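Each chain is listed here by its residues.
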Amino acid sequence: MSFPVPSTCYVVLAAVVVVYAQRHSQDSHTQYAQLGKDVTLQCGSVDRDAFVTWTANNTDLDASHLNGSWLVLRHVDLSHSGLYSCYEGSSWHLKYRVNLRVGTPPKEPVLMCRSNNYPNGFYCSWHLPSPTYIPDTFNITVKHDSKEIVCEKDASPKNRCYIRYLHLFSTKKYKVTLTVTNALGRNSTTISFDEFAIVKPDPPENVVAKPIPNNPRRLLVTWQYPSTWPDPDSFPLKFFLRYRPLIIDYWQHVELSDGTSHVVTDAYAGKEYIIQVAAKDNEIGTWSDWSVAVHATPWTEEPKHLTTEAQGTETTTSSTSAFVVPATTKADETDRQANCGAAAISWVVVPVLVAFGIHFI
């Protein structure tokens, strides 16, 4: 059964909808504030003396934060970031909405350039020493002999770009400048270098270490060139190998001018070893980072297993040698010997006594 709805209900409902729409339909602006500073938010074009109400993320703010119609926030921190709304009068008419973003100006960025695929080119990557908490924009310029070179930005990661060498074996330096900007400030850094100084291969790949049969102090270590090194024949690499047993913190090192294998000849028998390899161009650049560590233990002789016949002989021998004559056996034998001695004496004494008796008769 339906009941008629009074017209006053419709009026109240319509008013609620209008107020809700007013509170949420205003376009928001964005305002940035520096961490630790005071910030003032104005209620759009509303008069300074107008009666207003402010909310932060839909929560009413205390009137003690107001200076007329302005909202004043002291020593803002990251928790002050959010959506602020200003409503005029008791009707809560939305007049202004602002998205407050608290952050910091950028510090001097860290810039690094490296060639891991010489002679094709090099890449530059960068990062900030500390976060700013607001959007940052980076701009990089690369110059060689006063000529600007395009730096092709990677899709991922976004803080990296790639430069192709225009001239090999050039004596002219490269100059790279990185500028970072955000709503609160800007900063920059510049580095200069020649093409040889930044050559640094990636670590060797597929490092394997394994024992050598019948050699308790030897380990065979093999590896491959890094897959990013484009021309091993024209630009060969040399390698640096380090190894140590897990029980000792001291590394032993071997530098190898060519080849992709090495036999460790002074390993401790039966001890587990940790092994890593690094790479470097034969003539230019610096050493790569260490490869992923691998573990290996030198060959050890398997314990020999006894045959069934040998086991039987050993068991019989062990049983015989383990048999002990009981102590009571020796005691009985002593008693028998004593008895026999007594009997012999009696046979000698009796005839003597008989003869002595006859003499007196």
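What counts as what
Starting from 1, residues in each chain are numbered consecutively following that chain's sequence as written. Given that the model is predicted, a residue must reach a pLDDT of at least 70 before its local features are reported, and side-chain atom pairs must reach 80 or more before they are shown or counted; all residues, however, enter totals for whole chains, interfaces and linings. Side-chain calculation: all heavy atoms of the structure are included, whereas hydrogens and water are not. Disulfide: a pair of cysteine sulfur atoms within 2.5 Å of each other. Numbered from the N terminus, helices here are DSSP runs of H or I no shorter than four residues, and strands are runs of E no shorter than two. Here the term buried applies to any residue with accessible area under 20% of the maximum for its type, exposed to any over 50%, and partly exposed to those in between, with areas from a 1.4 Å probe on protein chains only. Think of it this way: a Phe, Tyr or Trp ring, Trp meaning its six-membered ring, pairs with another when their centres are within 6.5 Å, and the plane angle makes it stacked under 30 degrees, edge-to-face over 60, tilted otherwise. When DSSP locates at least two bridges between a pair of strands, those strands are taken to pair. Angles shown run from 0 to 180 degrees and are taken between the N-to-C directions of axes, each axis being a line fitted to C-alpha atoms and, for helices, limited to the stretch in contact. Put simply, a patch holds well-exposed residues, over 30% relative accessible area, that have no salt bridge, with like charges counted together within 9 Å and Val, Leu, Ile, Met, Phe, Trp or Tyr side chains within 5 Å. Only the protein chains shown count as cover for residues, with accessible areas throughout obtained via the Shrake-Rupley method and a probe of 1.4 Å. Salt bridges are identified by distance alone: a Lys or Arg side-chain nitrogen within 4 Å of an Asp or Glu carboxyl oxygen. Per-residue confidence from the predictor is reported as pLDDT, which spans 0 to 100. In what follows, residue pairs with any heavy atoms lying within 4.5 Å of each other are defined as contacts.

This structure, assessed with the given rule, holds three disulfides. For Cys113, the disulfide goes to Cys124, at an S-S distance of 2.0 Å. Disulfide Cys113-Cys124: torsion about the S-S bond near 105 degrees, hence right-handed. Here Cys113, found in strand β9 (residues 110-114), pairs with Cys124, found in strand β10 (residues 121-127); they are eleven residues apart in sequence, far enough to count as distant. By the burial criterion, Cys113 is buried, and Cys124 matches it. The disulfide bridge from Cys151 ends at Cys161, spanning 1.7 Å between sulfur atoms. Judged by the sign of its S-S torsion, about 85 degrees, the bond between Cys151 and Cys161 is right-handed. In this pair, Cys151 sits in the loop between β12 (147-149) and β13 (152-153) while Cys161 sits in strand β14 (residues 160-164), placing the two residues ten residues apart along the sequence. Of the residues examined, Cys161 reaches a relative accessible area of 0% and is grouped as buried.

Here we come to the packing of aromatic side chains. Scanning the model with the defined rule gives 15 aromatic pairs in all. A ring pair is formed by Tyr243 and Tyr273, whose centres lie 6.3 Å apart and whose planes are at 40 degrees; its orientation type is tilted. Here Tyr243, found in strand β19 (residues 237-245), pairs with Tyr273, found in strand β22 (residues 273-281); they are 30 residues apart in sequence, far enough to count as distant. Residue class for Tyr243 comes out buried when judged on its relative accessible area of 5%. Among the residues examined, Tyr273 registers a relative accessible area of 0% and is labelled buried.

To continue, consider the sheet that holds strand β21 (residues 261-264). With antiparallel pairing, three strands are arranged side by side in an open sheet as β17-β18-β21. Looking at strand neighbours, the two that pair on one side only are β17 (205-212) and β21, the edges of this open sheet. Across this sheet, the average inter-strand angle for adjacent strands is 15 degrees, counted without regard to direction.

Residues Ile247, Ile248, Tyr250 and Tyr268 make up a contiguous nonpolar surface patch of about 460 Å² in total accessible area. Of note, Ile248 is situated in the loop between β19 and β20 (252-256).

Once the charged atoms of two side chains with opposite charge are near each other, the side chains can pair. What the rule picks out here adds up to six salt bridges. Between Glu88 and Lys95 there is a salt bridge, with its nearest N and O atoms 3.9 Å apart. The class for Glu88 is partly exposed, based on a relative accessible area of 30%. Here Lys95 falls in the partly exposed class, since its relative accessible area comes to 28%. The partner of Asp289 in a salt bridge is Lys200, and the shortest N-O contact between them spans 3.1 Å.

Spatially, four strands are ordered β20-β19-β22-β23 in an open sheet, and the strand pairing comes out antiparallel. The sheet is open, and its two edges are formed by β20 and β23 (294-296), each paired on a single side. Averaged over all adjacent pairs, the angle separating strand axes in this sheet is 25 degrees, with direction ignored. Sheet topology note: the β22/β23 ladder contains three bridges and is antiparallel. Looking across to β23, one finds that Tyr273 is bridged to Ala296.

So, on to the pairing of strand β18 (residues 215-224). Pairing of β17 with β18, which is carried by six bridges, proceeds in the antiparallel orientation. Directly across from Val208, in β18, lies its bridge partner Thr222. Taken together, β17 and the strand that follows it, β18, pair antiparallel across an intervening segment of two residues, in which Asn214 is found at a positive phi of about 65 degrees. Both β18 and β21 contribute to a ladder of four bridges, which runs antiparallel. Within the sheet, the bridge partner assigned to Val221 lies in β21 and is His262.

In terms of backbone geometry, most residues other than glycine have negative phi values and most peptide bonds are trans. Each neighbour pair has its own omega, and for Tyr118 with Pro119 the value is 15 degrees, a cis peptide bond. Mapped onto the secondary structure, Pro119 falls in the loop between β9 and β10. Positive phi, close to 70 degrees, is recorded for Ser146, a residue that is not glycine. Among the structural elements, Ser146 can be located in the loop between β11 (137-144) and β12.

Looking now at the confidence of the model for the chain. In the predicted model, the chain carries a mean pLDDT of 83, and the fraction of residues at 70 or more is 77%. Counting interchain partners and residues more than four positions distant, the pLDDT-below-50 stretch residues 7-24 has 14 contacts. Here residues 312-361 is a poorly scored stretch, pLDDT under 50, and it has one contact once near neighbours within four places are set aside; other chains count.

For Ser288, the location among the structural elements is in the loop between β22 and β23. When sequence neighbours within four positions are dropped, the list of residues in contact with Ser288 reads Lys200, Pro201, Asp202, Pro203, Pro204, Ala278 and Ala279.

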